[in-house]
Structure formats: structure tokens, C-alpha cells
Amino acid sequence: MSPLSAFRSQLGKLQRLAQPYFLPIEETNAWQFLLLLGALLAVVVGVTLLLLTAVVAATGAWIPELQSRFLPGVPQQVAAIWKGPGGLAVMVLFGAGAAVFAAFRSSFRHRRWVPWLLLGAIALLVLVINAINVGISYIARNVDNALVAYDQTGFWKVVAVYAFCLVLALPIRALQTYLIPKLGLLWRQWLSERLLERYMSNRAYYLINPNDETGGEIDNPDQRITQDTASFTGTSLEVSVGIIEALLTFFSFIIILWTISTNLAGILFAYSVIGTALVVFISRRLVVLNNAQLRLEADFRYGMVHVRDNAESIAFYQGEQQESKEVVRRLGNAIANYDRLILWTAAINVVKRSYDYFSRFLPWLVIAPIYFAKDADFGVFSQAGIAFAQVFSSLSFIVANIEQLAAFSASISRLEGFQGKVDEINGKAAATALSEQATAAAAGLPATESILLRHADLVPPQSDRVLLRDLSLEVSQRQRVLVVGPSGCGKTSFLRMVSGLWPPASGSVERPPVGELLFIPQKPYMILGSLREQLCYPMPSDRFSDEQLRHVLEQVRLGELVQRYPDLEIKQDWPRLLSLGEQQRLAFARLLLNSPRFVVLDEATSALDVATERHLYGLLAEREMAFVSVGHRPTLTAFHDTVLELDGSGSWQLFPAAGYDVGRHA
């Protein structure tokens, strides 16, 4: 991809990430967003001129001494603006900008006007600070001239004006340094919540590979939602405000520099363009290395979290050496990439330093002949130096921030790639749901009251192995199906298809509405929370009373747990404290509280004794629940009326449960 194409691609990604917070992207396009940005700047410039005019008028009327002492020449400049075409032009742009915002007022619902208000305030502060900096350049010139002329009275007067400018600028800078991260914080909160909502919808969190080191999928989604959003929003505002400041500084000081020496202005512009192009060219590698570093650091962190989450299992296996080897491998990958990053950063810093050092004596080479020819006063040296430094800084914005921009570009790619993936998953899910609704409506079918498979083929994702071929099966209310077969034949995969985690390769699977079907795995999921929250999951924890929760624990033979933890609000490391058998009984308690009509059980009683297993299945029968079970125990047939036998090659058979020999498939 050419540099221009890559730049346009990044701008497109930036627009898709940034615009939705400020303007609904579903209702507007990028040009309208840019139009509003231009309108905002026009309004800010107009407000700045009006405020300046009001300050001049107020000080002239109420404190004329303050105006004459600390605002020398400012009233005359303001009056000249209003008398000339500049004042009219600013007011026309101000009116046009206000009209644009009025035309888009319907798009600023749901408090979308807040970021625009903060952006306007930030732009206003930047404009005021830039005006103060321009004034300081003239102050520096007058200070040097007063020193050369031994004008003590004039010197202290100029110093007083300079002190007044500092007093004025400090609170403005302080407010600016507060508003920029504040807007970034609000933006981060909105973006994180938006990504989380989409990530947790339609099982996108399940479909996205959470730790694929090959880069074929979206790696480390946790990092993208946490760190990358913070980096993106904060850096976006810093870069945007930096660009605005650079543009204002350039246009303000290039005029001053041009009035001093056209040669100096031309040399500076050419020097900056050539230097920037050189640094950008050699910095392209930084984007790739920064992107890789983000991924490798996240992989290393994931390895450490994996050790923490599986500490007991590792301790039982005494697998410290193997785990340490894997974590060190991930650390080594991050270190090796960072070593390359250091090398490239050092090389770029050498170029940047050289670029900066050589720029410092350029004003002397151009201004000295003018001064020695007595065509300019001594103060021109100071003013030219300040103006040159400001213009040079604005033109060198990319050079000065190349490492930050490289990291910013990497975060844009990672975050937009993640957003695009979750949007793709949600889009496909929405299209599938609409298609199913349309098909059901066209056929006049009522809502599904059973688990119904029609000519379904089961092929695991990213695989071509057919586990089931042309399966037609209905599990109606109160029906119980036991799934058996040799290890690896696809029993759990079949349950995934029935539960909706995996779609059929062909055919169709219909299932009851959400909340009427619950899946219980062999190792139950234990959430980070209290005992009450464990029992109620995934329903709200305040849905059941303490008496109901204690009663259901007694039902599943976990009465001892009630005695150990009488306070249901207690939070513990439940996966570590509870045995697998206790966790399975707790999962049945959760199941009884949720009371779905259909249950899918994947060896959910494998850690229990036969008597407890019989008791728990009896509770399901009392509730008249329909269920599909996977298991290997011969005793399970007593709780089912149908057996689905799989052979792993795609073939299947149905048998009555009565008299079925579970050992026949071994």
C-alpha cells in the first residue's frame, strides 16, 4: 500500500471511531462532520472578537489607566479590525457557523452538545493563548530596544505589561489543561460503554478469539476496550488541539516573520518541509513496531493472568517449569520487539536532534546582515528568534510528535479493527434474526415451543470435519434426550449447536425464546461476586429472598454451605473454596431458581455420587423440565426417554432409553 493510500485508510478508520461520539454517524457523513468543525472554529473566532471588543470597551470606560498601561495599542487594533473588511468577514462567518449548528440541532440529542461545547471552549482558550503569545513577541522586542537605549522607565513599563500577560495566560492554560483530559474522559467512557455493549451482544465475546498470537483474529479484546480506548481518546484530543495550535501559531507568526524578512520565512518553510518529509519517511517502521508491541505486551499480560487464574491446577501438576517457560517466551517476544523499537526510536531521535540544532542559527544568518546594515533595530533579533521558533515549532509538529503519532496510528488500527469485528458479528446476527422472523412469518409458524432440528449438519468452526449429517430431531416439553457416543464424537459440539453457540453448517435449529433454555457445563461458571449473586446468576440478585435461596441450597444438598456462610452477601474465591461436586450442585440450585422449560446438561453430574445425581435429576422431573444430557454413566438412562447415539463420522441413531446399554458405543 502506498503512503497516500495508507494515510487515507487511517483517516477513514479515525472518522469511523471519532465521529459517532460527536455526531450520529448513521444520520450524517464525514463531510457534514468537517463542516461542523469549520463552523465551530468560525463561531469561536467570532466570539473571541466580540469578547475582545467588550473587554476593550469596558476597560476604556471604567479603568482607562489599566487600558493605557497594560493594553498598549490593543484598542487601536480592535478599532482597525471593525473599520476594515476583517470585522465584517468575521461576523459573516460567525453567523454562518451559528446557522450550521442550528440546522443540525436535531442531531445533538442525548447530550451530544456537551462535547461540542467543550471543544468550542478549548478552541477559544487556544485562540486567546495564541494572541497573548503574539503580544509577547512584541514585548520581547521592546524589552531589548529599551535595554539597548538605556531607557529605564520604558523597560519597567514593558516588563509590567509582560507580567500582566503572564497573569492572564496562567489561568487560561490551567483551564485548558483541565478541559482537554476532561473531554477525553467523557469520550472514553462513551466509547468504552459503546464497545462493551456491542462486545457483549450476540455472543461477540465468544466468537472473537481472545488470545490468538498469530494475528489472524482480534487479539486481547480486554486490552482494546480498556487501554486502547483510553490511549485513543486522550491522544486524539492532544493531537487535534496540537494541530489547531500549530495552525494558529503558523498563521500568526509567519506574518510577523514575513514583515521582518521574506528570505527568512522562505528558508524556514523549505527547511521544515524537507525535514518533516525525511522524518516521516524513516518513521513508517515505528507504526508497525508500535502495533506489534501493543499486541505482544497484551499477550505477556494474558499469560500472567492465565497463571493466576489456574494457580491451583498448576500447583497440583507441579507445572511451574512449563508455565514459566511459556510466560518467559511471551516476555521474550515483547522484549525482542521493544529492542527493535528502541533502535528505530534512537535513530529517529538523532535525525530530530540534528534537525532542531541546525534550525537554531538560521535566524542569525539571515537577520545579522540586515541589522549590520542598520535596516532594523536590535529588538528585531529577539522578535525574529521568537517568531522563527514559533513558526518552526508549528511546521515541525509532526517531527516533534512522531513517536506519539506512531503509537496513535497503531491504537487507531487496533481499536477500529475491534469495532469493525464486533459490528460485523452483530450485523450478521441481526440479519439472521430478521431472516428467521421473515421465514416464520411467511410460513405462519407460531413461536417455537421446543428444540427443533431440521436436516442439520454440524461442522465445527474453522474445520471441515462433519460431526453430524442431516440430523432431524425434536425435543418437546417434558421430553428427555440422552446423547452418548465415544470420546471426541461431537457430543459437546452438538450441545453447542442446540444452545446456539455454533450455527449449523446447513439445515436449521429452532429453540425456545431467551430465558427458556439454560446450559449447564461440566465445570460450572463461578462469577466474581457474593454467594447470593452466584445463585441468582444470570438474573438480578434481588429477585429472590434469603429464604428462597437457603431453601434451594437445602434442596440440592448444600445445607452445610448455608451453615458455613449464613451471610449470603459474603464474597469468596468460590472456584477455589468449593469442590467440583459442590460447584455442580450449586449450578443445579441456580437452575432451579431460573426455572427454564428446557435444560442442556453437559456431564453436569460427573463429580457427584449416584444417589445425589438421582436426587437432582428427580428435582428436574418434578419441575416437568425438558432436558438434553451428555453423560457416560449407565444410570443416566433411567432419567431419559430417548437416546441419541453419535459415532463421530456424521452418522447418528435414535433409541428408546429403556433397556439401552450405554456401554455399547465404547
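Above this note sits the structure.
Since the model is a prediction, treat every value here as computed from it, not as a measurement.

Below, the discussion takes up the overall build of the chain. Within the chain, the regular secondary structure consists of 24 helices and nine strands. At 35 Å, the chain has a C-alpha radius of gyration far larger than the 26 Å of a compact globule built from 666 residues. For the chain, the spread of C-alpha atoms along the three principal axes comes to 115 × 55 × 55 Å. The proportion of buried residues among the 666 residues of the chain is 43%. Accessible surface for the chain amounts to roughly 34,800 Å². Of this, 62% is attributable to carbon and sulfur atoms. The centroid of the 57 positive side-chain charges in the chain is displaced by 5 Å from the centroid of its 58 negative side-chain charges.

Next up on the list: unusual backbone geometry. Cis geometry is found at the peptide bond from Tyr-537 to Pro-538, where omega equals 5°. Its place among the elements puts Pro-538 in the loop between α19 (531-536) and α20 (546-555). Its identity as a non-glycine residue notwithstanding, Arg-557 has a phi of 65°, on the positive side. Looking at where Arg-557 falls in the secondary structure, it is placed in the loop between α20 and α21 (559-564). On the basis of relative accessible area, Arg-557 is assigned to the partly exposed category, the value being 43%.

Moving on to the sheet that holds strand β2 (residues 468-475). As summarised here, the arrangement of the three strands in space is β2-β1-β4, forming an open sheet in which the pairing is antiparallel. The open sheet has two edge strands with one neighbour each: β2 and β4 (506-510). Each strand of the sheet is rotated relative to its neighbour by a mean of 15°, with strand direction disregarded. Direction of pairing for strand β1 (residues 451-458) relative to β2: antiparallel, over a ladder of five bridges. Residue Ile-451 lies in a different strand from β2, and its bridge partner there is Val-475. Relative to β1, helix α18 (residues 491-499) is tilted by about 125°, and along the sheet it contacts β1, β2 and β4.

Once that is clear, we can look at the environment of Ala-387. Examined against the element boundaries, Ala-387 turns out to sit in helix α15 (residues 379-395). You can call Ala-387 buried: its relative accessible area is 0%. On a C-alpha basis, the gap between Ala-387 and Thr-249 in space is 9.1 Å, while along the polypeptide they are 138 residues apart. Discounting chain neighbours no more than four positions away, the residues touching Ala-387 are Phe-253, Ile-256 and Leu-257.

A separate point is the packing of aromatic side chains. Here the structure, examined in full by the defined rule, presents 21 aromatic pairs. A centroid spacing of 6.2 Å and a plane angle of 40° characterise the contact between Phe-22 and Phe-33, whose relative ring orientation is tilted. With a gap of 11 residues between them, Phe-22 in helix α1 (residues 3-22) and Phe-33 in helix α2 (residues 30-62) connect regions that are remote in the sequence. Between the aromatic rings of Phe-108 and Trp-116, the centroid separation amounts to 6.1 Å while the plane-to-plane angle is 70°, which identifies the pairing as edge-to-face. Residues Phe-108 and Trp-116 agree in their burial class; the two are buried. An aromatic cluster is built from Tyr-21, Phe-22, Phe-33, Phe-101, Phe-108, Trp-116, Trp-187, Trp-190, Phe-232 and Phe-408, whose rings are joined through pairwise contacts.

Attention now goes to the packing of α2 against helix α6 (residues 113-148). Axis separation between α2 and α6 bottoms out at 9 Å; the angle between their running directions is 50°. What the angle tells us is that α2 and α6 run oblique. In this structure, α2 crosses over α6, and the sense of that crossing is right-handed. Across the interface between the two elements, Phe-33, Leu-36, Leu-37, Leu-40, Leu-41, Val-44, Val-45, Thr-48 and Leu-51 from α2 touch Trp-116, Leu-119, Gly-120, Ala-123, Leu-124 and Leu-127 from α6. Class assignment for the residues of the contact of α2 with α6 results in 13 nonpolar, two polar and no charged.

Structurally, the position occupied by Thr-637 is in the loop between β7 (626-630) and β8 (642-646). The exposure class assigned to Thr-637 is buried, which follows from its relative accessible area of 14%. Among the polar contacts made by the side chain of Thr-637, one reaches the main-chain carbonyl oxygen of Pro-634 at a distance of 3.0 Å. If we skip the residues at most four places from it in the chain, Thr-637 touches Leu-482, Ala-657, Tyr-660 and Val-662.

As summarised here, the arrangement of the six strands in space is β5-β6-β7-β3-β8-β9, forming an open sheet in which the pairing is mixed. Only two strands of the sheet have a single partner each, and these edge strands are β5 (517-520) and β9 (652-656). With direction set aside, neighbouring strand axes in the sheet form an average angle of 15°. Bridging between strand β6 (residues 598-602) and β7 involves five bridges; their strand directions are parallel. If you follow Phe-598 over to β7, its bridge partner there is Ala-626. Packing of α18 onto the sheet brings it into contact with β3 (480-484), β5, β6, β7 and β8, and relative to β6 it is tilted by some 155°. With respect to the sheet, helix α24 (residues 610-622) is in contact with β3, β6 and β7, its orientation differing from that of β7 by roughly 155°.

Among the nonpolar cores identified, the biggest contains 59 residues, and Leu-36, Trp-116, Trp-187, Phe-232 and Phe-418 are the most heavily contacted of them. Elements with a contribution of two residues or more to this core: α1, α2, α5 (85-103), α6, α7 (152-199), α9 (221-260) and α17 (402-443). Broken down by element, this core gets its largest block of residues, 15 residues, from α6. One finds Val-484, Leu-558, Leu-593 and Tyr-660 within the second-largest nonpolar core, a separate group that totals 45 residues.

The next point concerns a nonpolar patch on the surface. A surface patch of nonpolar side chains, about 470 Å² in accessible area, is lined by Leu-196, Met-200, Tyr-205, Tyr-206 and Leu-207. It is helix α8 (residues 204-207) that provides the largest number of residues to the nonpolar patch, a total of three residues. Mapping Leu-196 onto the fold places it in helix α7.

Moving on, we get to the pattern of salt bridges. A full pass over the atoms with the stated rule returns 17 salt bridges. Here Arg-597 makes a salt bridge to Glu-516, at a shortest N to O gap of 3.0 Å. Of this pair, Arg-597 sits in the loop between α23 (580-594) and β6 while Glu-516 is found in the loop between β4 and β5, placing the two residues 81 residues apart along the sequence. In this structure Arg-597 comes out as partly exposed when scored by relative accessible area, which is 25%.

So, how was this worked out
Chains are numbered independently. Their residues run from 1 in the order of the written sequence. Thresholds applied to this predicted model are a pLDDT of at least 70 for local features of residues and 80 or more for the giving and counting of side-chain atom pairs; totals over whole chains, interfaces and linings are not thresholded and use all residues. Hydrogens and water molecules were not included; the side-chain quantities draw on all heavy atoms of the structure. Runs of H or I in DSSP of at least four residues are treated as helices and runs of E of at least two as strands, each being numbered from the N terminus. Our radius of gyration looks at C-alpha atoms and nothing else; its globule reference is 2.2 Å times the residue count to the power 0.38. Each residue is assigned to one of three classes by its accessible area relative to the maximum for its type, calculated with a 1.4 Å probe on protein chains only: buried under 20%, partly exposed between the two thresholds, exposed over 50%. Areas reported here follow the Shrake-Rupley algorithm with a probe of radius 1.4 Å; residue values treat only the protein chains shown as occluding. His is not counted here, nor are the chain ends, while Lys and Arg score as positive and Asp and Glu score as negative. By convention, charge coordinates are those of NZ in Lys, CZ in Arg, CG in Asp, or CD in Glu. In this scheme, strands are said to pair when DSSP sees at least two bridges between them. Think of each axis as a best-fit line through the C-alpha atoms, taken over the contacting stretch in the case of a helix, with angles from 0 to 180 degrees between the N-to-C directions. Only heavy atoms matter for contacts: two residues are in contact if any of them lie within 4.5 Å across the pair. For this analysis, a ring pair means two rings from Phe, Tyr or Trp (six-membered ring only for Trp) whose centres lie within 6.5 Å, classed as stacked if their planes differ by under 30 degrees, edge-to-face if by over 60, and tilted for the remaining angles. Reported orientations rely on four angle classes, namely roughly parallel under 35 degrees, roughly antiparallel over 145, roughly perpendicular from 65 to 115, and oblique for the rest. In a left-handed crossing the near helix is turned counterclockwise from the far helix by less than a right angle, and in a right-handed crossing that turn is clockwise. Residues are grouped as follows: nonpolar covers Ala, Val, Leu, Ile, Met, Phe, Trp, Tyr, Cys and Pro; charged covers Asp, Glu, Lys and Arg; every other residue, Gly included, is treated as polar. Here a polar contact is taken to be a pair of N or O atoms separated by no more than 3.5 Å, where protein atoms must pair a possible hydrogen donor with a possible acceptor and residues adjacent in sequence count only if both atoms sit in side chains. Here, nonpolar core means buried Ala, Val, Leu, Ile, Met, Phe, Trp, Tyr and Cys residues that are tied together by side-chain atoms lying within 4.5 Å of each other. In this scheme, patches are assembled from residues that exceed 30% relative accessible area and form no salt bridge. Like charges are connected within 9 Å, while nonpolar side chains (Val, Leu, Ile, Met, Phe, Trp, Tyr) are connected within 5 Å. Should a side-chain nitrogen of Lys or Arg be within 4 Å of a carboxyl oxygen of Asp or Glu, the pair is scored as a salt bridge.

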